[in-house]
Number of protein chains: 2
Amino acid sequence: MVSSSGTEPRRITIHDVARSAGVSRQTVSRALNDKDEIDDSTKQRVLDAARALGYRPSRFARGLVRQDTTTIGLVIPDLLNPFFTEVAAAALEAARARGWHVVVYDTADRAEEELGTLQVISSQVDAVVGYFSCPEDELELFTRGMPVVLIGREHHSARFSSIRIDGEEGVHAAVAHLVAEGHTRIGMLDHYGRAEPSIRREWFTTAAAAYGIDAGMVVGADQSADGGGAALKTLLAAHPDVTAVFTFNDIIAIGALREARRLGRSVPQDLAVIGFDGLQLGALVEPPLSSVALDTRKLGALAIDQVARLLTGVNPLGADDLVVRAELRLGGSA
Amino acid sequence: MVSSSGTEPRRITIHDVARSAGVSRQTVSRALNDKDEIDDSTKQRVLDAARALGYRPSRFARGLVRQDTTTIGLVIPDLLNPFFTEVAAAALEAARARGWHVVVYDTADRAEEELGTLQVISSQVDAVVGYFSCPEDELELFTRGMPVVLIGREHHSARFSSIRIDGEEGVHAAVAHLVAEGHTRIGMLDHYGRAEPSIRREWFTTAAAAYGIDAGMVVGADQSADGGGAALKTLLAAHPDVTAVFTFNDIIAIGALREARRLGRSVPQDLAVIGFDGLQLGALVEPPLSSVALDTRKLGALAIDQVARLLTGVNPLGADDLVVRAELRLGGSA
DNA sequence: AGCGCTCCCGTGAACGTTCACGGGAGCGCT
DNA sequence: AGCGCTCCCGTGAACGTTCACGGGAGCGCT
């Protein structure tokens, strides 16, 4: 119980254990790593000494000599957003299959956290996967020399890979389905706050045009259930004859479902709703959500696969192969 | 484009960059870490050489010399289970505030994955937080020398800390509320598959007894929404006069809500439902779920706080301080 | 007695980086 | 001319572990 007076407590190393047990470094190493070539009583003595001293091996020293661990950094804006939860779970699963470690960073949807995270990450992981909203040049600056795989984001620099989400056919199928069900007045709840309209809206517009449907009834929604509810209210107030809505994502759609019930519109009879993402959460609401569904497991697996190729330098996939297609999956809401 | 024939491609080190740029190691280090004492043109030359060679610094070598990073391992059974998502998010937030890194391991609810995870983890992190179902002696064996904080699990060895979840008062308040609303026939959907009844059921039984309520109407439920729905069906078939249910957790409660709607029982008029956990998800369903709510952020913060104390060895909290109390939070389902 | 084998154990070197320190070149000033 | 200062840059040592190798003790066999 005597602490070294004043000075910073020196780290306990394998030498300390060796001295305490009266053996050499190598013998301590043998005991700790369950190797052969050590007497049982010696091993026990070493283990006791290690425990008594509170010895913890340095993962850095160990990692330096046997270079066999890869760690990747997974950066997501908000783990509590179910979409990112699914992506994270998928990435974890794919990484685990390779025996990789995954350090998860939640940037809390704040751009300034991104840079801090990147700075901190760059000296701790072998590669980075995730969502970033910061400019490419900053991203490049902080990830110098590391493989980077972006998800659902366009990139211009050849420095990065990115997984593209292709929902064009899926959205087309969604509109086709609504039309087949007799809907002619179809609105959209888009993602609010972006300067330009979303790509998902473009897909919607294109598909609507193919069926001669007016694609002008669009309201921006905050990316939350409450936001979806509010947006639906606004949309229906402006266009009471709307009988179907397509939404930017499932969270917004779920908010719309809830709001429809409050407005006394039953789903899908009075109002059909189709979301985007295909969250597992969509199965929990009533009626189960119809959605242009993404295979998040494939998304995660693809991202990790590309990281593996970039790390080894063999056959990295090109943009054409880094695509996950979304497909219409009917629940009961449309 | 010439690859070294046959042999394993040697790692590119700071020496290679130094030689290529015609400078010393130290100068390369200065360029890479944005230090002073280097000429701008030299720095650029080094950076170019590093990029051309595809140089990536070794985090192990760097970590070995400047020992300033702590990494903790977070082990959870299933990230897609919303409860664990919230706990994970809370732990990430608390760790981020300290500048720590968090490696997340999803054991996919399989005990055999736990041991593999532990083995792999032990050489990669400074401490472990999470859920484990394996026996304590195995846990001890694989975490030798590392601080371990368990969540929501009893432990007997002084080797571990654990965060206890205390829902006794909260469940009592839930039953009191139901009684005050005029309910006399209250059932419970417990967690299915455990040998012994859950602690949450004990709390329910105790509280019911205090109000002279029969606590015998209990059905086991699989820990999923579907499981909750099926269990409610079974319960109501056996006891049609039940007007209120308390559930093991919110996921089961949400399944019960859905099933109630299918059975034509409106909530809360015909059937009151109170869950446990207080998930954010509960606000997305209709009506919003009443629940004996846990402060998951506090849970995560407390776990990380204890890890910090254990790592430094100063004032680790005792069992009495490692408690998170659950409180009744009314939505609209009861 | 000598040989070979097994069982243990220890010593130097290496992993790849940063720290501490030393020192040369060049310039301005007295 | 000499001094001091700034600007750059390089060399040895250290971080804490594992690998490769050497070697002694003890035993059984011929």
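Since we're looking at a predicted model, the values are computed, not measured. (Residues numbered from 1 in each chain as written. Chains lettered and ligands numbered in written order. Predicted model: local features only at pLDDT ≥ 70, side-chain atom pairs only at ≥ 80, totals over all residues. Heavy atoms only, no water.)

### Re the pairing of strand E4 (residues 148-151) of chain A
Residue and element names in this part refer to chain A.
And step 1. Residues Val148 and Leu150 of E4 are buried on one face, and the alternating residues Val149 and Ile151, pointing to the opposite face, are buried as well.
And step 2. The pairing of strand E3 (residues 127-130) with E4 spans three bridges and is classified as parallel. Among the inter-strand pairings, Gly130 is bridged to a residue of E4, identified as Leu150.
And step 3. Viewed along the sheet, the connection from E3 through helix H7 (residues 136-142) into E4 turns out right-handed.
And step 4. By the bridge criterion, three bridges tie E4 to strand E5 (residues 161-166) in an arrangement that is parallel. Bridging from a neighbouring strand, Val149 pairs with Ser161 of E5. (Buried < 20%, exposed > 50% of the residue type's maximum accessible area, 1.4 Å probe, protein only. Helix = DSSP H or I, 4+ residues; strand = E, 2+ residues; numbered from the N terminus. Pairing = 2+ DSSP bridges. Right-handed = clockwise from strand over helix to strand, strands pointing away.)

### Concerning the interface of chain B and chain A
And step 1. Taken together, the contact between chain B and chain A spans 55 residues of the former and 55 residues of the latter.
And step 2. Between chain B and chain A, a total of about 4900 Å² is buried, with carbon and sulfur atoms accounting for 56% of that surface.
And step 3. Its largest share of buried area at the contact with chain A, chain B owes to Arg59, Phe60 and Arg96 of chain B, together 15% of the area lost on that side.
And step 4. At the junction of chain B with chain A, the criterion picks out eight salt bridges.
And step 5. The salt bridge partner of Glu113 of chain A is Arg96 of chain B, with a shortest N-O separation of 2.4 Å.
And step 6. Taken together, the elements giving at least two residues each to the side of chain B that touches chain A come down to helix H3 (40-53), helix H4 (59-65), helix H5 (82-97), strand E2 (101-106), helix H6 (111-121) and helix H11 (250-262) of chain B. (Contact = heavy atoms within 4.5 Å. Buried area = accessible area lost by both parts, 1.4 Å probe. Salt bridge = Lys/Arg side-chain N within 4 Å of Asp/Glu carboxyl O.)

### Thoughts on the packing of H5 of chain B against helix H12 (residues 296-312) of chain B
Residues and elements named next belong to chain B.
And step 1. Remark: H5 packs on H12, axes separated minimally by 7 Å, with the N-to-C direction vectors making an angle of 50 degrees. In this view, H5 runs oblique relative to H12, as classed from their interaxial angle. As H5 runs across H12, the sense of the crossing is right-handed. On the side of H5, the interface is formed by Phe83, Glu86, Val87, Ala90, Ala91, Glu93, Ala94 and Ala95, while H12 contributes Thr296, Arg297, Leu299, Gly300, Ala301 and Ile304.
And step 2. Per-class residue counts for the contact of H5 with H12 are nine nonpolar, two polar and three charged. (Axes fitted to C-alpha atoms, helices over the stretch in contact; angles between N-to-C directions. Parallel < 35°, antiparallel > 145°, perpendicular 65-115°, else oblique. Left-handed = near helix turned anticlockwise from the far one by under 90°. Nonpolar A, V, L, I, M, F, W, Y, C, P; charged D, E, K, R; others polar.)

### With respect to the pairing of strand E5 (residues 161-166) of chain B
All names here are of chain B.
And step 1. Most of E5 is tucked away: five of the six residues are buried.
And step 2. Note that E5 and strand E11 (residues 323-325) share three bridges and pair parallel. Of the residues in E11, the one forming a bridge with Arg164 is Val323.

### Observations concerning the domain arrangement of chain A
Residues and elements named next belong to chain A.
And step 1. When its domains are assigned, chain A resolves into domain 1 (14-65), domain 2 (71-166 + 297-325) and domain 3 (168-294).
And step 2. Distance between the C-alpha centres of domain 2 and domain 3: 29 Å.
And step 3. Taken together, the contact pairs eight residues of domain 2 with 12 residues of domain 3.
And step 4. Both sides of the domain 2 and domain 3 interface together cover about 910 Å² of buried area, and 63% of this is carbon and sulfur.
And step 5. The largest per-residue losses of area from domain 2 upon contact with domain 3 belong to Phe83, Glu86 and Ile165, which jointly make up 46% of the total buried on that side.
And step 6. At the junction of domain 2 with domain 3, the criterion picks out zero salt bridges.
And step 7. At the surface where domain 2 touches domain 3, the tally comes to two residue pairs in polar contact (both at pLDDT 80 or more). (Domains from an automatic or database assignment. Polar contact = N/O pair within 3.5 Å; in protein donor to acceptor, adjacent residues only side chain to side chain.)

### Here's the deal with the protein's contact with DNA strand D
And step 1. The local shell around DNA strand D holds 29 residues, among which Ile14 and Tyr55 of chain A together with Arg25, Thr27 and Thr42 of chain B are the closest.
And step 2. Counting only atoms of DNA strand D within 4 Å of the protein, the sugar-phosphate share comes to 60%.
And step 3. One nitrogen or oxygen atom from the main chain of Ser58 of chain A is found 3.2 Å from a phosphate oxygen belonging to DNA strand D.
And step 4. A distance of 2.6 Å separates a phosphate oxygen of DNA strand D from a polar atom in the side chain of Thr27 of chain B.
And step 5. Of all elements in the fold, only helix H1 (14-21), helix H2 (25-32) and helix H4 (59-65) of chain A together with helix H2 (25-32) and H4 of chain B reach the threshold of two or more residues within the surface near DNA strand D. (Near = heavy atom within 4 Å.)

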